[in-house]
Structures are given as C-alpha cells and as structure tokens.
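Residue strings, one per chain:
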Amino acid sequence: MASCVAGVSSTSVRHRLTRSRLISARNEQLIVVDRSGQVKMKNQTKEQEFDVIVIGGGPIGLSSAYHLSKQDSTKKILVVEQFKFVNDEVSSSGKSRQFRVQYDTVPMARLALRAKDQWLAFNENSGQELLEQVGALWFGDPELNSSEGGINDAIKVMDELGIPYEPLKSGEEIMDRFKFKELPHEYEGFFQADGGILDIAATQEFMLAELQKNENVVLKDFTEVIDIESLSNDEIYVTTRNKNNLEETIRCKAEKLALTPGPYINDLVSFFGLKVDIDIWTMSSSYYKILDRETAEIGTTYYVYENNETGLFYGFNEVPWANPGYVRVANAVADKIIDHPSES
C-alpha cells in the first residue's frame, strides 16, 4: 500500500465537491508556538494510503485511473491535476479531435482497433456519442508522407490486418463521393468507416463522474507537484501543493506512479534528472460557416496530402458541441515549435 502525510493550514481551500473528491482523512488540532510566543492552531492530517498516484488529470490520466478502478475497485488511487479538470492545456487541444484506425505501422493500427472497442463501450456506458463514427477520409498525392503517415503505407497496413476501407482511385471519384471541388485527376485516397470525431470534454466529464462513484479514488485539481523522490528501496514519494493555498502541502508514498502530464512531462521527469526530447507544435485552426447544408450532411473527418505551399491539412465535420454551424479546418504543420508550454 502507499501512505500520504499532509500538513494543512487552518485556512485550507475546499475543492469543488462537484468536480473532485477531497482527501477525507481525519484531522487533529496541533498546537504550534511561533518565535513571538503566540500559540497557533494547525491541522495535521492522518496517514492516507494509495496504491497508485496518477499525475496529470487530462484525458490520458483520467483514462488510466478509470480503467484501473474498473479492473479493481478496491485500489486506492490519487489523481493530481495542476489545472482544473477538463481544460485545454493537454497535448492535443481543441474541443473536437479525430479518431482513426488507419496507421502506417501495424502496432499502432492494432492499438487503434483496441481503442475503437473501448470508445464504443464508452458510448454505451455513458449513453452519449462520445465517438461519432462519421468515418475518416484520406486523399491527395499518394506519394506524399506526413507525421501521420502516408496514404499508400496506411493502405498496406489495412490490407495486412484486414481493416475494411473504400478505395478512391481519382480526383473525380473523390469529388463525386464527398463534394470536394477542383481536385487533380491523379489524386487518390480511401474512406475508412470506423473513424470519426471525438467529444473529449464530454468524455472527461463521464470518466470524472464514474471515478467520483468510487470512494477509493481521490481527485485533486489545482494541485501542483513540487517534488518526486524515487528511493533505492523502490519507495516513491510525491509532494504536492494546493495552488489556491500555498501553505497546504501533502507528501505521499506510492507503490505505483503514472506520469500523464502531456506537454508538461519534463516538469516531472526533471525530478529524476531526466529530460524527454519532445517538440511541442503550436498550431492554428480556422472555422468556416456552412452555407450549403446538403453538402455539410455528407461531412466526415479528412486528411489532405497536397504538394504545394499550403502543405498538409485536416478537417472536421460539424458537431453540435463545438461551434455549431461551422466546420473546422487546420494546417497539419506547426506555426511554431517550442520545448515547453510556457513558451507559447
């Protein structure tokens, strides 16, 4: 098991009970005499035990805690988030995200197929369409590649794994099927029906609600990690501080530690003398008002490979929870590459 010892001032700030469960260890009054001889009262929190501490309460961190708690509801889990839960400070920002099963490597495609089943289970358990399977369209110059892989390489992997798709052999076929205009004849692509668009905010709200049902799960937002110690006897200690009350610090001992802070990973691994070599892309999106409702109804997510100065770009169909009446399009290139979110 793991333990947690805290020192909390008498003015500690309560977290929003609707969004996070407070540590509920019993408190004792501790008499403290300062240098002037004044007697002050402070709270001392009794020891609290955890099996796993998850640092980073975004989509991946909440998913880690969610699946751990579903596998074993008796596990004591602490989730620490430096901002509020459900924020836009995660690795991939924006209210809408694409989901696809086509990748240019077999391991990634297999992971995506497993993820698809989990997303469909989320849909069923939440009673919401967290993954809307409008499909994924890739088209353009088949010889081009990108950070997402290339059309031909993705087709090879889909063929190897038996993933169904609809091949599109010309620009005319793509225009006829999806109402794009003025595409070159030599463009090719495919449509894969299992892909779609994700409602990440609603997904996080669902996982938070499920985690709050488990009394063994503690959720703490607006809480920053100020130290991590990994000792030679395999013990791990994590010290956190309440950002709304800097006098409130908690030191926890954990058997297992999950680091899921997204672009803030180097803030945590630096405690071990490490640095992860990452590039953080700042990117822009544009929204276009829908004027042709009939064409918009054919909407799908898409990724376009063009060999010109506009580069690669991707798009989203209209969704009711993110700027309804508009479609989103974004360049698949960085406006700027940075090392840390503070540089943006």
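None of these values were measured; they are calculated from a predicted model. (Residues numbered from 1 in each chain as written. Predicted model: local features only at pLDDT ≥ 70, side-chain atom pairs only at ≥ 80, totals over all residues. Heavy atoms only, no water.)

Asker: How would you sum up the nonpolar core? Please name residues and give values.
Answerer: Core analysis: the largest hydrophobic core is formed by 47 residues, its most contacted members being Val79 and Trp119. Broken down by element, this core gets its largest block of residues, six residues, from helix H5 (residues 200-212). Once residues lying within four places of it in the same chain are set aside, the contact partners of tryptophan 119 are Phe99, Leu130, Leu131, Leu198, Ile200 and Thr203. Ile53, Val225, Val238 and Leu268 belong to the second-largest nonpolar core, a separate cluster that totals 14 residues. (Core = buried A, V, L, I, M, F, W, Y, C linked by side-chain atoms within 4.5 Å. Buried < 20%, exposed > 50% of the residue type's maximum accessible area, 1.4 Å probe, protein only. Helix = DSSP H or I, 4+ residues; strand = E, 2+ residues; numbered from the N terminus. Contact = heavy atoms within 4.5 Å.)

Asker: Can you tell me about empty space enclosed by the protein, naming the residues and giving the values?
Answerer: Tallied over the entire structure, the rule returns one cavity of 30 Å³ or more. Within this model, the largest cavity holds a volume of roughly 40 Å³. Lining the largest cavity are Ser96, Tyr287, Phe316, Asn317, Val319, Ala322, Tyr326 and Arg328. Class assignment for the residues of the lining of the largest cavity results in five nonpolar, two polar and one charged. (1 Å grid on protein atoms, 1.4 Å probe; cavity = no way out; pocket = protein on both sides within 12 Å on 5 of 7 lines; lining within 4 Å. Points joined across faces, edges and corners; volume = space filled by probe spheres on them. Nonpolar A, V, L, I, M, F, W, Y, C, P; charged D, E, K, R; others polar.)

Asker: How would you summarise the packing of aromatic side chains if you had to cite specific residues and measurements?
Answerer: Under the criterion given, the structure shown has 15 aromatic pairs. Arranged with centres 5.6 Å apart and planes meeting at 40°, the rings of tryptophan 138 and phenylalanine 190 form a pair that is tilted. Placement of tryptophan 138 in strand S8 (residues 136-140) and of phenylalanine 190 in strand S10 (residues 188-192) is noted, with a sequence separation of 52 residues between them. Considering the side-chain rings of tryptophan 138 and tyrosine 303, the 5.7 Å spacing of their centres and the 40° angle between planes classify their relative orientation as tilted. (Phe/Tyr/Trp six-rings, centres within 6.5 Å; stacked < 30°, edge-to-face > 60°.)

Asker: Explain the environment of tyrosine 237 to me, and be specific about the residues and the numbers.
Answerer: Within the secondary structure, tyrosine 237 sits in strand S14 (residues 236-242). Along the primary structure tyrosine 237 and isoleucine 53 are separated by 184 residues, whereas in three dimensions their C-alpha atoms are 9.9 Å apart. Once residues within four sequence positions are removed from consideration, tyrosine 237 is found in contact with Asp227, Ile228, Glu229, Leu231, Arg251, Cys252 and Lys253. A distance of 3.2 Å separates the side chain of tyrosine 237 from the side chain of glutamate 235, its partner in a polar contact. (Polar contact = N/O pair within 3.5 Å; in protein donor to acceptor, adjacent residues only side chain to side chain.)

Asker: An account of the sheet that holds S10 is requested, with residue identities and associated values reported.
Answerer: Here seven strands make up an open sheet; going across it, the order is S9-S10-S8-S19-S20-S21-S18 and the pairing mixed. At either margin of the open sheet sits one strand with a lone partner, and together these are strand S9 (166-168) and strand S18 (285-289). Mean inter-strand twist for the sheet, computed between neighbouring axes without regard to direction, equals 15°. As defined by bridge partners, S18 adjoins strand S21 (residues 326-331) across five bridges and the pair is classed as antiparallel. Its bridge partner lying in S21, tyrosine 287 is registered against arginine 328. Contacts from helix H3 (residues 151-161) reach S8, S10 and strand S19 (301-305) within the one sheet, and its direction differs from that of S10 by about 45°. Docked against the sheet, helix H4 (residues 171-178) engages S8, S9 and S10, running at close to 125° with respect to S9. (Pairing = 2+ DSSP bridges. Axes fitted to C-alpha atoms, helices over the stretch in contact; angles between N-to-C directions.)

Asker: Just give me the short version of the layout of surface pockets, but keep the residues and values in it.
Answerer: Estimates place the volume of the second largest pocket at around 750 Å³. If you trace the second largest pocket, you find 21 residues lining it, with Lys179, Phe180, Thr295, Tyr302 and Val327 closest to the centre. Elements with a contribution of two residues or more to the lining of the second largest pocket: S18, helix H7 (293-296), strand S20 (313-316) and S21. Looking at the lining of the second largest pocket, its residues break down into twelve nonpolar, four polar and five charged.

Asker: Hey, could you go over the confidence of the model for the protein chain for me, with residue numbers and the actual values?
Answerer: For residues with low pLDDT, the predicted coordinates do not support detailed interpretation. Across the protein chain, the average pLDDT comes to 85, with 85% of residues at or above 70. Note that residues 2-35 has pLDDT below 50 and, in this model, 116 contacts with residues that lie over four places away or in other chains. Contacts of residues 37-47 to residues separated by more than four positions or lying in other chains number 40 contacts, the stretch itself having pLDDT below 50. (pLDDT = per-residue confidence, 0-100.)

Asker: Which residues make up a nonpolar patch on the surface, and what values do they have?
Answerer: Taken together, the side chains of Trp281, Met283 and Ile337 define a hydrophobic patch exposed on the protein surface, amounting to about 290 Å² of accessible area. Along the chain, the position of isoleucine 337 falls in strand S22 (residues 336-338). (Patch = residues over 30% accessible without salt bridge, like charges linked within 9 Å, V, L, I, M, F, W, Y side chains within 5 Å. Areas by Shrake-Rupley, 256 points an atom, 1.4 Å probe, with all protein chains shown as cover. Salt bridge = Lys/Arg side-chain N within 4 Å of Asp/Glu carboxyl O.)

Asker: Could you give an account of the pairing of strand S15 (residues 245-254), naming the residues involved and the relevant values?
Answerer: Sheet topology note: the S14/S15 ladder contains seven bridges and is antiparallel. Within S15, the residue paired with threonine 240 across the bridge is isoleucine 250. Hairpin connection of S14 to S15: two residues between the antiparallel strands.

Asker: Residues and numbers for the side chain of serine 69, please.
Answerer: Relative to the elements of secondary structure, serine 69 occurs in helix H1 (residues 59-71). Looking at serine 69, the relative accessible area reads 9%, which means it is buried. Setting aside residues no more than four positions away along its own chain, serine 69 makes contact with Ile77, Leu211, Asn214 and Val217.

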